[in-house]
Amino acid sequence: MKKILLTLLLLSVPLTAFAKDDFVWKNDLRSKFLNNETVIMEINMRSFNSQDKDGDGFIQEDMGEVRGTFVNGIQRLDEIKNLGVNTLHILPITPTGKLKALGTAGSLYSASDFSSLNPDLYDKNSKLSFDDQAKNFINEAHKRGIRVIVDVPACGSYDLFLQRPDLFVTTPTGEPVLPSDWTDVRLLATGTEDKIDPNVFSLYKDFVKYMMNLGVDGIRADVAHCKTASFWKALIDYSREKDPEFMWLAESSESWHDAVSPYGVFTSYDKLLEAGFDGYYGSFFNIKDCDNAQKFYSEILKTLNNLKKLPDKKSVIGSFTTHDEVSPILLKGQAFSDMIIWLNATLPVNSYFVDGFQSGDDYKYLNANNTAPSSNTDDEIYFTHRGELDIFNLSRKPEGNNTYLKNDFIIGNSVKKSLVPVINKGNFTPLKTGNPKVFAYTIGNIDKKILVYGNLNFKDSEKVKIKIPDYNKKSTVVPLKVTTIPAINHGKINTVMSAGEIVVIVIKTPLK
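(A) Quick peek at helix α7 (residues 198-214). Relative to the 24 Å expected for 17 residues at 1.5 Å per residue, α7 spans 24 Å between its end C-alpha atoms, a close match to the ideal helical length. Within α7 the residues assigned to the buried category are Val-200, Phe-201, Leu-203, Tyr-204, Phe-207, Val-208, Tyr-210, Met-211, Met-212 and Leu-214. With a side-chain oxygen positioned 3.0 Å from the backbone nitrogen of Asn-199, the residue opening α7 is Asp-197.

In structure tokens:
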């Protein structure tokens, strides 16, 4: 009888009483990053899950089309997880400038405020406050094991200059400085190594505090080299006091040597790493220009050797393609995108991709650079960069229809997860191929190594001859990415590679 009464009592209690969300997230991003375990996808929240019904590439809300928001972005998180992505790099979520702007929504990097969220990302139909909408998106990502990095812009908008001229570098005549050729932003004054500008530092410190309160796991610093090492050290130290696992990624490279303006500072990548950054971009974006194996090896070794020289453990992202780069599909076709997948999977880097890459998006927007029917800025043109993820307008969701790439993307990310221990313990070793158009390398140890070789000729097939180090009769071959399993005779591969083909195999050799 007591059991029956207890059952009836339990049934009478509302189910919501047991539905309390007791999920607790513990940030581990810094450790994962330093161990090359993150697979990062760069996303634009404004377009992440937007709905472009007429197919012109841009969002017109008066026609019932929907921009991307923190609320509808949650709908894509299961997809992101299933792709093998475990970290999101969200492009700036700060409000954008409306004066002297580029595009009808303003560039994501033209920040008009560092203490609030971009109103474009607000869902007015949600009962949650704006901050809680952002927190909920991040929390839902965390529930799926997806970490979140947020971008901090390097400069401010013209609107912000008019409000706070004290934050900016000015010419002798009092005009704000335009960095490089970025006509829609103005250069923030960060001071010198000996004296940090207190106003700008306070701006950034409050931003970091704001992001940490939202639940963000790390920061990607836009054009990090335009601020001093002492500026970054103070900011990073502040974040680490709150969370030792808070990760910092610098947009910087050993390939960059000049300040964005004669009036600005330039801080080299190694000084940024000394200041506390956990990683940087390296020089892998130069691979797109490599038409022979020696150039390929040079770019890879440039970054990997520099990492070895550093006293503290640091890492890099596989920056083969970013939102600043033209879609690899447009550059050299599907084969180049596939090559990028497998380079990320087999090198000691944190894999890095742009939303849409996984499905072969060419980032073409039907009505690009035409007059818009309306605008939220003083620019009436749908300004875009051809073949690059749009950051200037409310635009369509990034997506293509290339199922081959999507499948390889998933497989490559899964392979990377399994190979990380081998990659981290091994050395990158270039191999001779008998053909300047074909690269080959191994990474790993004598008993287990990854062999990768690829054809840098994306138009024609090429012959290749490769001698595999330490290979013997007891060695076994596990094909991971092959068109046909290569024949190995006396420890050598003699084959013909199709245009842009890449091959990945694991070779296991028992120790004597």
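(B) View of the side chain of Arg-186. Along the chain, the position of Arg-186 falls in strand β5 (residues 185-186). Buried charge without a salt bridge: Arg-186, with Asp-184 as the nearest opposite-charge side chain at an N-O distance of 6.4 Å. In this view, Arg-186 contacts Lys-100, Cys-155, Gly-156, Tyr-158, Phe-168, Pro-176, Val-177, Leu-178 and Pro-179; residues no more than four positions away in its chain are not counted.

(C) Inspection of unusual backbone geometry at higher detail. Residue Ser-180 is not a glycine yet carries a positive backbone phi of 50°. Along the chain, Ser-180 turns up in the loop between α6 (158-163) and β5. When its relative accessible area of 46% is taken as the criterion, Ser-180 is described as partly exposed. The residue Val-223 is not glycine, and still its phi comes out positive at about 40°.

(D) Just the environment of Val-504, in detail. Within the secondary structure layout, Val-504 lies in strand β18 (residues 502-508). Separated by 26 residues in sequence, Val-504 and Val-478 place their C-alpha atoms 9.0 Å apart. Excluding anything up to four places from it in sequence, Val-504 contacts Trp-342, Thr-346, Ile-450, Leu-451, Val-452, Pro-479, Leu-480, Lys-481 and Val-482.

(E) Molecular detail of the pattern of salt bridges. By the definition in use, this model includes 24 salt bridges. Bridged by salt links that share partners, the residues Asp-78, Glu-140, Lys-143 and Arg-144 form one connected network.

(F) Quick look at the nonpolar core. Phe-137, Tyr-204, Met-211, Trp-232, Phe-277, Phe-296 and Phe-439 are the most contacted members of the largest nonpolar core, which has 129 residues in total. No other element matches α7, which puts 10 residues into this core. Excluding residues that lie within four positions of it along the chain, Trp-232 makes contacts with Tyr-204, Ala-221, Ala-224, Lys-227, Trp-248, Leu-272, Ala-275 and Phe-277. Of all hydrophobic cores here, the second largest spans 11 residues; its members include Leu-34, Leu-249, Ile-317 and Tyr-352.

(G) Here's a closer look at a positive patch on the surface. A contiguous patch of positive charge, built from Lys-463, Lys-465, Lys-467 and Lys-492, is present on the exposed surface. At three residues, the largest contribution of residues to the positive patch is made by strand β14 (residues 462-467). Assignment of secondary structure puts Lys-465 in strand β14. Classification of Lys-465 as exposed rests on a relative accessible area of 59%.

(H) A look at the pairing of strand β2 (residues 87-90). Of the two faces of β2, both are covered, the one formed by Thr-87 and His-89 as well as the one formed by Leu-88 and Ile-90. Strand direction decides the pairing type here: strand β1 (residues 39-43) and β2, joined by four bridges, are parallel. Residue pairing for β2: Glu-42 is matched across the bridge by His-89. For β2 and strand β3 (residues 147-152), the ladder comprises four bridges, and the chain directions are parallel. Bridge assignment links Thr-87 to a residue of β3, and that residue is Arg-147. The parallel pair β2 and β3, bridged by helix α5 (residues 130-143), forms a crossover whose chirality is right-handed.

(I) Representation of the layout of surface pockets in the model. Here the largest pocket defines a volume of roughly 830 Å³. Classifying every residue of the lining of the largest pocket by side-chain character gives 15 nonpolar, eight polar and nine charged.

Criteria and cut-off values
- Residues numbered from 1 in each chain as written.
- Predicted model: local features only at pLDDT ≥ 70, side-chain atom pairs only at ≥ 80, totals over all residues.
- Heavy atoms only, no water.
- Helix = DSSP H or I, 4+ residues; strand = E, 2+ residues; numbered from the N terminus.
- Expected span 1.5 Å × (residues − 1).
- Buried < 20%, exposed > 50% of the residue type's maximum accessible area, 1.4 Å probe, protein only.
- Polar contact = N/O pair within 3.5 Å; in protein donor to acceptor, adjacent residues only side chain to side chain.
- Lys, Arg positive; Asp, Glu negative; His and termini not counted.
- Salt bridge = Lys/Arg side-chain N within 4 Å of Asp/Glu carboxyl O.
- Contact = heavy atoms within 4.5 Å.
- Core = buried A, V, L, I, M, F, W, Y, C linked by side-chain atoms within 4.5 Å.
- Patch = residues over 30% accessible without salt bridge, like charges linked within 9 Å, V, L, I, M, F, W, Y side chains within 5 Å.
- Areas by Shrake-Rupley, 256 points an atom, 1.4 Å probe, with all protein chains shown as cover.
- Charge placed at Lys NZ, Arg CZ, Asp CG, Glu CD.
- Pairing = 2+ DSSP bridges.
- Right-handed = clockwise from strand over helix to strand, strands pointing away.
- 1 Å grid on protein atoms, 1.4 Å probe; cavity = no way out; pocket = protein on both sides within 12 Å on 5 of 7 lines; lining within 4 Å.
- Points joined across faces, edges and corners; volume = space filled by probe spheres on them.
- Nonpolar A, V, L, I, M, F, W, Y, C, P; charged D, E, K, R; others polar.

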